[in-house]
Amino acid sequence: MKKIFWAPLCLAGLMVTACVNNVKKTETDAVDSLAADSSFTGEVNQEMNIYKLWINEDGTRIFDLRDSTRYIEAAVYDEDYCKENPDYKPGVFYYDPTNAGFRVTHDFEAQGDTVGHVEYELTQGPYAGTYALRFSFYNMTPTTATFLFEGEYEWTYKVLDKPVDMQPDPHPYVYEE
């Protein structure tokens, strides 16, 4: 009788374990695809670091720095531009799908994680495989930071707190020598 009683319980336990493992794998796959396509996750990370989804003060440019294996910069175009270029739609952020990685450089001991530089990997042309400075950041809080471009153009970026439509650019920039 004991063997007959335990057999269904063991079978039920195996089924529950398989179900739980399948859910965990699905959750992991979903998180991986979110990082890959830059979708909004709905969570605002309150840690002091640059690895977040940032939008500039006029809402026209996004930097997705949540996944250090890909550098994603996206731009939205105004209605006039979209009328002249029908492959683009107003309100949609377009990014270059061929961008490679990025790295953050700073002096952790002197400045912690709140001041530094973001460099992106060049993927085309004679300097492919090297890194170039995209911007510096400072005055960081958990939800805002000042981005400095080319040493003189300052923008206040904030952590994106609402979903946006991001799609690959239908005509990404092509480097020509």
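For the structure, check the block above.
Residues numbered from 1 in each chain as written. Predicted model: local features only at pLDDT ≥ 70, side-chain atom pairs only at ≥ 80, totals over all residues. Heavy atoms only, no water.

Participant: Which parts of the structure should I look at to understand the sheet that holds strand β3 (residues 72-76)?
Facilitator: Either a parallel or an antiparallel arrangement is found when strands of a sheet pair, and the pairing is made through backbone hydrogen bonds. On the basis of which strands lie adjacent, the open sheet formed by 10 strands has the order β5-β6-β7-β8-β9-β1-β2-β3-β4-β10 and mixed pairing. Single-partner strands in this sheet number two, and they are β5 (102-105) and β10 (165-168). Recorded for the sheet is a direction-independent mean angle of 30° between the axes of neighbouring strands. Of the pairings in the sheet, the one linking strand β7 (residues 131-138) to strand β8 (residues 144-149) comprises 3 bridges and is antiparallel in character. Note that in β8 the partner of S136 across the bridge is L148. (Pairing = 2+ DSSP bridges. Helix = DSSP H or I, 4+ residues; strand = E, 2+ residues; numbered from the N terminus. Axes fitted to C-alpha atoms, helices over the stretch in contact; angles between N-to-C directions.)

Participant: Quick question: what am I supposed to make of the side chain of E119 here?
Facilitator: Tracing the backbone shows E119 in strand β6 (residues 116-121). Polar side-chain contacts of E119 include one of 2.6 Å to the side chain of R103. Leaving out residues up to four positions away in the same chain, E119 has contacts with F102, R103, T105, Y131, A132, L133 and R134. (Polar contact = N/O pair within 3.5 Å; in protein donor to acceptor, adjacent residues only side chain to side chain. Contact = heavy atoms within 4.5 Å.)

Participant: I tried to follow the pattern of salt bridges on my own but got confused; where do I start?
Facilitator: Opposite charge on two side chains permits pairing when their charged atoms draw close. The full count for this structure, using the stated rule, is 4 salt bridges. For the salt bridge of R61 with E73, the shortest nitrogen-to-oxygen distance reads 3.1 Å. Placement of the pair is R61 in strand β2 (residues 61-64) and E73 in strand β3, with a sequence separation of 12 residues. For E73, a relative accessible area of 15% gives the class buried. A salt bridge links D64 to R66, with the nearest nitrogen and oxygen atoms 2.9 Å apart. Judged by its relative accessible area of 27%, R66 is partly exposed. It is possible to trace a salt-bridge network through shared partners that takes in R61, E73 and R134. (Salt bridge = Lys/Arg side-chain N within 4 Å of Asp/Glu carboxyl O. Buried < 20%, exposed > 50% of the residue type's maximum accessible area, 1.4 Å probe, protein only.)

Function cannot be read off these values alone, since they describe shape.
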